[in-house]
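Per-entry structural report
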Amino acid sequence: MFQKEEMAANGTGVTSPRTPLKSILTEKAKGIPNDSAGTVKAQTIEELHSLQRKRSAPNTPLQGTAGAFANLSEDERQRQQLQSISASLASLTRGTGPKVIRGDPGGGKYQAVSHVAHHHHHIEAPVISVSDSSLKFTHVLYNLSPGELYEQALKYEKGSFLTSTGALATLSGAKTGRSPRDKRVVIDDTTQDELWWGKGSPNIEMDEHTFMVNRERAVDYLNSLDKVFVNDQFLNWDPKNRIKVRIVSCRAYHSLFMHNMCIRPTPEELENFGTPDFTIYNAGQFPCNRYTHYMTSSTSIDINLNRKEMVILGTQYAGEMKKGLFSLMHYLMPKRHILSLHSGCNMGKDGDVALFFGLSGTGKTTLSTDHNRFLIGDDEHCWSDDCVSNIEGGCYAKCIDLSKEKEPDIWNAIKFGTVLENVVFDEHTREVDYTDKSVTENTRAAYPIEFIPNAKIPCFGPHPKNVILLACDAFGVLPPVSKLSLAQTMYHFISGYTALVAGTVDGIKEPTATFSACFGAAFLMLHPTTYAAMLAEKMQKHGATGWLVNTGWCGGSYGSGNRIKLPYTRKIINAIHSGSLLKASYEKTEVFGLEIPNEIEGVPKEILRPENAWADKEAYKNTLLKLAGLFKNNFETFTEYKIGEDKKLTEEILAAGPIF
């Protein structure tokens, strides 16, 4: 009977005996015959647990330039790695990094490395050779796997829980979104001339001394902890233009977030990672000193392009790291004549690539996610002379009101390995209520891009054929689709328009126009016209067509008209992808001078021309002129900026705007 119960089906209808379990060899069991398949040589529970966790080390043969490191022992390789991390954590006043140990405190044998000098020639500061802090060891948890990070979060971080689908639910603290007014960039002789400063710019200046004060505060805090998390990862899937980044943080949640959002190195790439190109010190659990020069609150996000460093104080919102690196790419890539873009990107089965630009609520994520096309990326891209490539290794999706019916890919991606920020879940079942805004409306999910079934790995593709600018026009006067000239594409790209519907808190009863240069002004480092000129050059060189697609209202403004139905917008996008829309006949509109098609299969003809859908023609005309005036007022910020050989904005771009 017992023998029968020990039999297991092997899938062929014939049973076979299970492999006997290994037993723990205890003192009492010694000397007793045992016909099992061997014994586990463990004397304690700790030893047993150490056997449970199989040790692994990169063993892929090194090739190419890495060959010089192939003969290094594992101990020597780890020593050099820890030396590099110690140098990253060097304090300015002490001039040395801490003694770092690889592994979690409290167990096992770990390798330590002595202090490593880390000086910067352009900063003169006193060096204190001995201090109490120099006697302390800092444990480095280096490039942990999602499973290891789950364990760290669930054990040590309050507010970390496992949801019913296996995702890690966590809290970002008091800050549940970015703090753009607390972001600072060091101004020096180089950045003073290169970066976009002044009216409309997201770049708020700080001097290098203040940056070093904040860096010292952040590094001292990180060094005071028992352990820190270190991620060495990449940005940009284009192998020719890959950037190495190091993220030093104090929360497992932050480490897992960046594990998902950056590109994950292979074992052999990690072995020979070397010195990073840029380092983030995330001490967000510790506030900045509000009395420090340039500080306006206890939060500060500081970027020093010369030192290639970023410091975070006073906010635990993980998106600051993601967007800080995006700002870095907006600076580094144009220097290589590569265009950095805040856009979604997908590719058809025939290799036709489309870029999607759009602010929040315009449908960028929804429309770039297409089961009939491959997803290259959902948010950040580079367009080089060779290809278009995703900057990131993951997706950062909004979760508010998420449903399986509307967004099945995102819904299914929320599983083991995914970070869920600030969501609310049932205490017993652990099922997430995506409609609950108790913590914040800005609930998010961060997951590796391979969690999307139709993701193209590696995430790059041919030059784009179509550049689609999305606007949710709540005024209801822009056509559902317009074909743009090159100058019009530049004009609307620089404008970055959408409209927000009426709110209830502030009492506004009509739509509010929003303009964000290049559809991502908050992350730009250079002047918007610089990116627009590069976009025009690449579109012209590779024969790409520009389109303006209104996903907002028609037949009237918000409150009187109707939102354009999503199936109609999808028909329009499909016609763009197939190339059939290029063959249509067009008419030009007044004021904005947009070319609109006379007919699109599956789309009602009466909505293609906005005035035809409005019952009150006079109201349409007044609303059109109102929106045109808002465009004109917004663009005045850019008219005096000098670019190009003639050192001024071209007349073609100005003429591409509304004329009235």
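The numbers attached to residues start from 1 for each chain and follow its sequence in the written order. Thresholds applied to this predicted model are a pLDDT of at least 70 for local features of residues and 80 or more for the giving and counting of side-chain atom pairs; totals over whole chains, interfaces and linings are not thresholded and use all residues. Excluding hydrogens and water, the side-chain values take into account all heavy atoms of the structure.

Identification of the chain as phosphoenolpyruvate carboxykinase (ATP) from Gossypium mustelinum is taken from an unreviewed UniProt entry. Reading the Pathway (unreviewed entry) entry of the UniProt record for the chain gives the comment "Carbohydrate biosynthesis; gluconeogenesis." UniProt positions are given in the numbering used here, feature names are shortened, and annotations may be inferred rather than shown by experiment. Recorded in UniProt for the chain, the comment headed Catalytic activity (unreviewed entry) runs: "oxaloacetate + ATP = phosphoenolpyruvate + ADP + CO2".

1. Some words on the sheet that holds strand β24 (residues 419–421)
Here we have five strands laid out as an open sheet, ordered β8-β9-β24-β27-β23, and mixed in their pairing. Single-partner strands in this sheet number two, and they are β8 (161–162) and β23 (394–398). Direction of pairing for β8 relative to strand β9 (residues 168–170): antiparallel, over a ladder of two bridges. Counted as the bridge partner of Leu 162 is Leu 168 from β9. Should DSSP find at least two bridges between two strands, the strands are taken to pair. In this text, helices come from DSSP runs of H or I with a minimum length of four residues, and strands from runs of E with a minimum of two, each type numbered from the N-terminal end.

2. A look at the packing of aromatic side chains
Side-chain rings of Phe, Tyr and Trp (the six-membered ring for Trp) are treated as a pair once their centres are within 6.5 Å; stacked means planes under 30 degrees apart, edge-to-face means over 60, and tilted covers the remaining angles. Applying the stated criterion across every chain yields a total of 19 aromatic pairs. Relative to Tyr 558, the ring of Trp 553 lies with its centre 5.2 Å away and its plane at 85 degrees, an arrangement referred to as edge-to-face. Only protein chains enter the accessibility calculation, which uses a 1.4 Å probe; a residue whose area is less than 20% of its type maximum is buried, one above 50% is exposed, and one in between is partly exposed. With relative accessibility at 9%, the residue Trp 553 sits in the buried group. The exposure class assigned to Tyr 558 is partly exposed, which follows from its relative accessible area of 37%. Lysine and arginine charges are scored as sitting over a ring when NZ or CZ, respectively, is within 6 Å of the ring centre and within 35 degrees of the ring normal. Here the basic side chain of Arg 242 rests over the ring of Phe 234, its NZ or CZ set 3.7 Å away from the ring centre. Just above the ring of Phe 273 sits the side chain of Lys 244; from NZ or CZ to the centre is 5.5 Å.

3. Observations regarding the pairing of strand β7 (residues 137–142)
Extensive coverage of β7 is indicated by the burial of five of its six residues. In this structure, strand β5 (residues 99–102) lies alongside β7, joined through four bridges in parallel fashion. Directly across from Val 100, in β7, lies its bridge partner Thr 138. Bridge analysis of β7 against strand β12 (residues 227–235) gives four bridges, and the strand direction is parallel. Bridged to Val 140 within β12 is Val 228.

4. Side note on the side chain of Asp 104
Mapping Asp 104 onto the fold places it in the loop between β5 and β6 (112–113). Under the rule applied, a polar contact is a pair of N or O atoms within 3.5 Å (in protein, one hydrogen donor and one hydrogen acceptor; residues adjacent in sequence only if both atoms are side-chain atoms). In terms of polar contacts, Asp 104 uses its side chain to reach the side chain of Gln 152, at 3.0 Å.

5. A look at the packing of helix α12 (residues 486–495) against helix α13 (residues 528–542)
For the pair α12 and α13, the least separation of the axes is 9 Å and the interaxial angle reads 145 degrees. The element α12 and its partner α13 pack so that their crossing is right-handed. On the side of α12, the interface is formed by Leu 486, Thr 489, Met 490, Phe 493 and Ile 494, while α13 contributes Pro 528, Thr 529, Tyr 531, Ala 532, Ala 533, Leu 535, Ala 536, Met 539 and Gln 540. A class-by-class count of the residues in the contact of α12 with α13 yields eleven nonpolar, three polar and no charged. Note on method: axes are straight lines fitted to C-alpha atoms, helices fitted across the in-contact stretch only, with angles between N-to-C directions ranging 0 to 180 degrees. We call a crossing left-handed when the near helix sits turned anticlockwise from the far one by less than a right angle, and right-handed when that turn is clockwise. Residues are treated as being in contact if the distance between any of their heavy atoms lies within 4.5 Å. Asp, Glu, Lys and Arg are counted as charged, while Ala, Val, Leu, Ile, Met, Phe, Trp, Tyr, Cys and Pro are counted as nonpolar; the rest, among them Gly, fall into the polar class.

6. Observations regarding unusual backbone geometry
Backbone torsion omega between Ile 457 and Pro 458 reads -5 degrees, so that peptide bond is classified as cis. Here Pro 458 is to be found in the loop between β27 (444–448) and β28 (460–461). Residues other than glycine seldom take positive phi values, yet Tyr 294 does so here, at roughly 80 degrees. Take Tyr 294: it is sitting in the loop between β14 (278–283) and β15 (300–304). Unlike most non-glycine residues, Lys 308 shows phi in positive territory, near 60 degrees. Position of Lys 308 relative to the elements: it lies in the loop between β15 and β16 (309–313).

7. Details of the packing of α12 against helix α17 (residues 617–639)
As a packed pair, α12 and α17 sit with axes 10 Å apart at the nearest point and diverge in direction by 90 degrees. The orientation of α12 relative to α17 falls into the category roughly perpendicular. Residue-level inspection shows Tyr 491, His 492, Ile 494 and Ser 495 of α12 in contact with α17, the latter providing Phe 631, Lys 632, Asn 634, Phe 635 and Phe 638. Partitioned by chemical class, the residues of the contact of α12 with α17 number five nonpolar, three polar and one charged. Orientation categories follow fixed angle ranges, with anything under 35 degrees roughly parallel, anything over 145 roughly antiparallel, 65 to 115 roughly perpendicular, and all other angles oblique.

8. Brief notes about empty space enclosed by the protein
Empty space among the atoms becomes apparent when a probe as large as a water molecule is rolled across them. Each cavity reported here is a set of points on a 1 Å grid over the protein atoms alone in which a 1.4 Å probe fits but cannot get out, each pocket an open set with protein on both sides within 12 Å along at least five of seven lines, and each lining residue one with an atom within 4 Å of a point. Grid points are joined across faces, edges and corners, and a volume is the space filled by probe spheres set on the points. The full count for this structure, using the stated rule, is five cavities of 30 Å³ or more. Within this model, the largest cavity holds a volume of roughly 90 Å³. Every residue lining the largest cavity is counted, 13 residues in all, and those nearest its centre are Arg 178, Lys 183, Glu 320, Lys 323 and Gly 324. Only β15 and α9 (319–335) provide two or more residues apiece to the lining of the largest cavity.

9. So, α9
A helix is expected to reach a length of 1.5 Å times the quantity of its residues less one. The first and last C-alpha atoms of α9 sit 25 Å apart over 17 residues, in line with the 24 Å expected at 1.5 Å per residue. Within α9, 15 of the 17 residues are buried, leaving the element largely enclosed by the surrounding structure.

10. Details of the pattern of salt bridges
Think of a salt bridge as a Lys or Arg side-chain nitrogen and an Asp or Glu carboxyl oxygen that are within 4 Å of each other. All told, the structure shown has 20 salt bridges when counted by the stated rule. One salt bridge in this structure joins Glu 587 and Arg 609, with 3.0 Å as the shortest N-O distance. Taken together, the residues Glu 587 in strand β36 (residues 586–588) and Arg 609 in the loop between α15 (605–608) and α16 (610–613) connect sequence positions 22 residues apart. By relative accessible area, Glu 587 is classed as partly exposed at 37%. We classify Arg 609 as buried; its relative accessible area is 19%. The residue Arg 609 makes a salt bridge to Glu 611 at a minimum N-O spacing of 2.8 Å. As far as burial versus exposure is concerned, Arg 609 and Glu 611 are alike and both buried. One salt-bridge network, in which partners are shared between bridges, spans Lys 322, Lys 323, Lys 364, Asp 379, Glu 380 and Glu 392.

11. Regarding the sheet that holds strand β22 (residues 388–390)
Pairing in this open sheet of four strands is antiparallel, and the strands run β17-β21-β22-β28 from one edge to the other. Of all the strands in the sheet, just β17 (339–342) and β28 have a single pairing partner and so form its edges. Direction of pairing for β22 relative to β28: antiparallel, over a ladder of two bridges. Paired with Val 388 across the two strands is Gly 461, which belongs to β28.

12. So, the state of the cysteines
Every disulfide links exactly two cysteines, by a covalent bond between their sulfur atoms. In this description, the term disulfide denotes a pair of cysteine sulfurs within 2.5 Å. Under the counting rule described, the total for this entry stands at zero disulfides. The thiol of Cys 459 is not disulfide-bonded; the next cysteine sulfur, from Cys 395, is found 8.3 Å away. A relative accessible area of 0% places Cys 459 in the buried class.

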